[in-house]
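# Reading the structure
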Amino acid sequence: MSAPTPRPGRLVRSPAVRRDGQWWLVSGAGSILATDPAFTNMLDGFTQAMTAADQAVADLRVRQSQSPASRAGDKR
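The rules behind each value
Residues numbered from 1 in each chain as written. Predicted model: local features only at pLDDT ≥ 70, side-chain atom pairs only at ≥ 80, totals over all residues. Heavy atoms only, no water. Helix = DSSP H or I, 4+ residues; strand = E, 2+ residues; numbered from the N terminus. Buried < 20%, exposed > 50% of the residue type's maximum accessible area, 1.4 Å probe, protein only. Pairing = 2+ DSSP bridges. pLDDT = per-residue confidence, 0-100. Contact = heavy atoms within 4.5 Å. Axes fitted to C-alpha atoms, helices over the stretch in contact; angles between N-to-C directions.

Moving on to unusual backbone geometry. Phi is positive for Arg13, close to 55 degrees, though the residue is something other than glycine. With respect to the helices, strands and loops of the structure, Arg13 is situated in the loop between strand E1 (9-10) and strand E2 (16-19). Look at Arg13 and you get exposed, because its relative accessible area is 84%.

Set out below in structure tokens:
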């Protein structure tokens, strides 16, 4: 099973932006294409980790919003 492709958009709290399958570093002075495979692989990995963390938080919120009776089976 292959890892999901990072979504387009800005990487949170960074100048890294993914456009058309490529990473760009963007600032007020301009932008530059990131071409170093080690660097872009790290950006992809970080994006995947952030996506997984966001999903885990969303799952926890759903579980917490369920009624206590429906969670009774979850306790051990």
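Next comes the rest of the description.
With that settled, the discussion passes to the pairing of E2. Along a regular strand, successive side chains alternate from one face of the sheet to the other. Inspection of the sheet shows E1 paired to E2 by two bridges, in the antiparallel sense. Bridging across to E2, Arg10 finds its partner in Val17. Hairpin connection, E1 to E2: the antiparallel pair is bridged by five residues, and Arg13 has positive phi, about 55 degrees. In the sheet, E2 pairs with strand E3 (residues 22-27) via four bridges, with the strands oriented antiparallel. Pairing of Ala16 across the sheet is with Leu25, part of E3. Where E2 folds back onto E3 in an antiparallel hairpin, the turn is made up of two residues, including Asp20, whose phi is positive at roughly 50 degrees.

What follows deals with the confidence of the model for the protein chain. Across the protein chain, the average pLDDT comes to 84, with 78% of residues at 70 or higher. The least confident element of the protein chain is helix H2 (residues 68-71), whose mean pLDDT is 62; the most confident is strand E4 (residues 30-33), at 96.

With antiparallel pairing, the four strands of this open sheet are ordered in space as E1-E2-E3-E4. Looking at strand neighbours, the two that pair on one side only are E1 and E4, the edges of this open sheet. With respect to the sheet, helix H1 (residues 37-65) is in contact with E2 and E3, its orientation differing from that of E3 by roughly 90 degrees.

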